[in-house]
Amino acid sequence: MTERSSIGAFETALANEEFETAEDILREITETAPADSQKQPFSASVHIKENYIEPAGEGLESDIAVPLANDLSRKLRNARYWFKTRFGFSGIKIVSEGDSWFQYPVLLDDIIDDLSGDRDKAVYSLGAAGDLLADMVMQRQYLAALSETGAHVFLISGGGNDVLGEGALKRVLKRYEPDASPEDLIDTEAADAVLMEVVGHYRSILDDVTRHHPGVQTFGHAYDLPFPRRDGKWLGIPLDAFDIPLETGRDVIKILVDRFASALQQLAAEYTRFTFVDVRGTVGNNHRNWYDELHPKSTGFARAALPFREAIDSYATGIDLEAGTAFDVSRSALESGTKKIVLDPGHGGAPPPSVFKGSSWNNAIGPNGTLEKTLSFDVCKRAAEFLRTRGYQVELTRTEDVNVGLKDRALVAKQIRADAFVSVHFNASNQHTAQGTETWIAVNASSVSHSLAQSVQAAMVAALGHRDRGLKRRNLGVIRRDRHAPNTAAVLHEVSFMDRADEEAKLRTMSYREKIARAIADGVDAFLSDEFETSFFETDEFEIGDAIEDSADRRSLTVPAHLGYAEAPVLPDRQGGHEIPDPAAGSRHRGGHLLADADTYAADPDLGGSISRSSRPFIDDLLRGIVSRVSTDGGPGPDTADDRNEFSDVPIGDPFDFDAIGRDPTAGRPSLELEFSGLESGGFDYAAFEAFIDDLNLRYFQPHEFLVMGGSNQSGPCAGKNRLPPKSLWPRLTNSAQMLDEIRHRLGAPVRILSCYRSPQYNVCIDGASGSLHKQFNAIDWRCSAGTSSTWRGVAREVRDSHSRFRGGIGLYSSFVHIDTRGYNANW
């Protein structure tokens, strides 16, 4: 072994940015691997030669050599990425994650190799031959990579290993009959189950990217139609096991590939930030175009890369590559000649943290707890409809209760080169007595921004009759000139002071909010009916969100202190530098958690989750659900199969005892309020969660049992850090919940759920594993009232082996057992 041909020499070449040398070394130390070493179908028949690896025990070639080839190839790709983007790169930054169609080390040039050769594209690679979608979902490496690179595009390749791995193809085939059509040879129910699992993984990934990187466009693909081979491990042998001829078998595979493609096309229709790239028919309808059963030759991969290149280039024409992308806007808005308007509902989301990229979750609060973020969203939705009926193209910077960064809000307008941008807010003062309407523009605002501000201000003053507080200037984050297109008029409008009781009462009526929305639409419409000239100036670097933050900043106070909320104990916001009132304290303005009374809710349901029917709506729903489902007679009757009150007389230690609530609802309510303190305004829809759990048809478990917050959430340093599971994660509980239900059935004794969902913050606090599936709402820790944990684990393994959808991890602990359904088996 020479120094040049060692792995150490490869690392040295990378460090010296001698990429061609590193690639030569990689080719020298790799070789074609035996076919039986491939653990997954969409893996690669290549590994590091044995004499270049330190001995590490049994199974060296299959367990170390192939992953090492993946790792070294990925290191080379990513070193080239950082070199390419280090100085003055103005092209498209891409993160890729996937199987061997995106990462086939050394022997073949795959799709990513081909795209990386484009001068205007830089690809940071996470892919590894053999990767499962389930692994990608669990590890979520793409989130960190998208943050680190600031990528515009995310490419995903996956599903083949999940569908064909571990003999999966055999599960969907039927025995060959001479008169059978290709469709007759497919077990439709089994195929649908496999496809549903794969699509579920795609949904998880798309939800993740949309939530954390909403400006990123994701591109995914199915596969081209391969040629089964008589001795082929992944296609030929399974087909032969069912006596299916290869030619007919290829027709069967085509049906499966087309179904997969159709499922991804449906996802593209559902997720506007997902583009389906159709590579079918690109490789070539000749077996000579294929390297093996599942992988094209390099020339075939190059042809498959063409539709990717076309789709990415088409998308890139509509984004600002230097600034990145913004939130979801319709493509027609960019191409339409119709005048375009962006309305920005101020604030959004929930604490903590109180600040996200400069945007606070909420500032103004009414005396009875009405939230500014809720009113701004309601008014903007109504104004948008008024403007659309007048022929305008209207976009919102947020379409739900989430927090959007100040720069990202402005980018929505910049991306479509909007004619007008209006950020809508409600005001408050430190004495809670001020009233009036005002509109803000940048210090260096163009004449069009000045004209829009005058028009909106005049319309609102005329509609509400409040004092005209005039136009004000400061470079608030959403209206800075450098964050908008030259043609865009940008203003921030403060409708009124909502911290007065009389104004809050009016704001909580639909007719008053309709009046406000119509005034905004009238002001924008009047402005766009005329022509104005644009002027340009330099900008400064202030980052203030709205008028309230401006007033607080001038007094050198936090917003809560400025508005007088700081008479309650405050919790420091560890990330943002603001303070939020302690929701457990008795202050009248408790961090935005005080809500409307029942009469207001009944009269005005449109305000939704943040203004609800009582001061504790989630507690109301939860208590109703528990009382309605848990009997108070000491346990289930002889004919019931569920486990109501199963542990009522058994000490359970730290976890919250829901069953005790069912015995005494009046006495139990304070316990619920303490257990779920601070969560009642988070928008959690308990009725929807009940419906979701009910649809799982569980025999032994009730919805509230899956909302246990964990023992460490009740007291100590981690108290109050957990959250309720986001709705987007609910489907990930399905297999685990049904698995636990079957475990309970086989154990023949009640089971107690100890831990289910963990928020990232809570997981860190309790020193949970960084990749914990509890954060994905996929894991359950539990124990049984009878037997030992070893017995419980044995039954769990039996259930796991009973169905493929229960594949996952089982962990044995002294007093409980962990289960999850990650998609592959793991034991500890």
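One can find the structure itself at the top, above this paragraph.
Engineer: How do you make sense of the packing of aromatic side chains when you look at a structure like this?
Structural biologist: Given two aromatic rings, one states the distance between the centres and the angle between the planes to describe the pair. Scanning the model with the defined rule gives 20 aromatic pairs in all. Summarising the aromatic geometry, the rings of F689 and F692 are spaced 6.2 Å apart at their centres and angled 40° between planes, so their arrangement reads as tilted. Residue F689 and its partner F692 are located together in helix α25 (residues 686–694), separated by 3 residues, close to a single helical turn. F692 matches F689 in its accessibility class, with the two residues each being buried. An aromatic cluster is defined as three or more aromatic residues linked by ring pairs; in this entry it consists of W101, Y202, Y223, F260, W290 and F301. The side chain of R250 reaches across the aromatic face of F227, ending 3.7 Å from its centre.

Engineer: Would you mind showing me how to read the pairing of strand β8 (residues 340–345) here?
Structural biologist: Side chains on a regular strand alternate between the two faces of the sheet. Taking burial as the measure, the 6 residues of β8 include 6 buried ones, the bulk of the element. Side chains of β8 alternate between two faces, with K340, V342 and D344 and I341, L343 and P345 buried alike. The pairing of β8 with strand β11 (residues 393–396) spans 4 bridges and is classified as parallel. By the bridge assignment, I341 is partnered in β11 with V394. By the bridge criterion, 5 bridges tie β8 to strand β12 (residues 420–427) in an arrangement that is parallel. Looking at β12, one finds that D344 is bridged to S423.

Engineer: Explain the packing of helix α14 (residues 372–389) against helix α18 (residues 510–528) to me, please; I cannot follow it from the model alone.
Structural biologist: Packed helices, taken two at a time, are described by the angle their axes make and the gap between the axes. It is the contact of α14 with α18, at a shortest axis distance of 8 Å, that shows an interaxial angle of 55°. The orientation of α14 with respect to α18, classified from their angle, is oblique. Regarding α14 and α18, the two cross each other, and that crossing is right-handed. Packed against α14, whose contacting residues are L375, D378, V379, R382, A383, F386 and L387, the element α18 presents M510, R513, E514, I516, A517, R518, I520, A521 and V524 at the interface.

Engineer: Can you walk me through the sheet that holds strand β7 (residues 274–277) in this structure?
Structural biologist: Sheet strands pair by backbone hydrogen bonding; their relative direction is either parallel or antiparallel. Ordered in space as β4-β3-β5-β6-β7, the 5 strands form an open sheet in which the pairing is parallel. The strands lining the two open edges of the sheet, one partner per strand, are β4 (121–125) and β7. Along the sheet, successive strands turn relative to each other by an average axial angle of 25°, direction set aside. Relative to β4, strand β3 (residues 92–98) runs parallel, the two being bridged by 5 bridges. In the strand pairing of β4, S96 is matched with S125. Here helix α6 (residues 141–149) sits on the sheet in contact with β3, β4 and β5 (153–157), set at roughly 165° to β3. Where helix α9 (residues 188–212) meets the sheet, its contacts fall on β5, β6 (217–221) and β7, and the angle it forms with β5 comes to roughly 170°.

Basis of the calculations
- Residues numbered from 1 in each chain as written.
- Predicted model: local features only at pLDDT ≥ 70, side-chain atom pairs only at ≥ 80, totals over all residues.
- Heavy atoms only, no water.
- Phe/Tyr/Trp six-rings, centres within 6.5 Å; stacked < 30°, edge-to-face > 60°.
- Helix = DSSP H or I, 4+ residues; strand = E, 2+ residues; numbered from the N terminus.
- Buried < 20%, exposed > 50% of the residue type's maximum accessible area, 1.4 Å probe, protein only.
- Lys NZ or Arg CZ within 6 Å of the ring centre and 35° of its normal.
- Pairing = 2+ DSSP bridges.
- Axes fitted to C-alpha atoms, helices over the stretch in contact; angles between N-to-C directions.
- Parallel < 35°, antiparallel > 145°, perpendicular 65-115°, else oblique.
- Left-handed = near helix turned anticlockwise from the far one by under 90°.
- Contact = heavy atoms within 4.5 Å.

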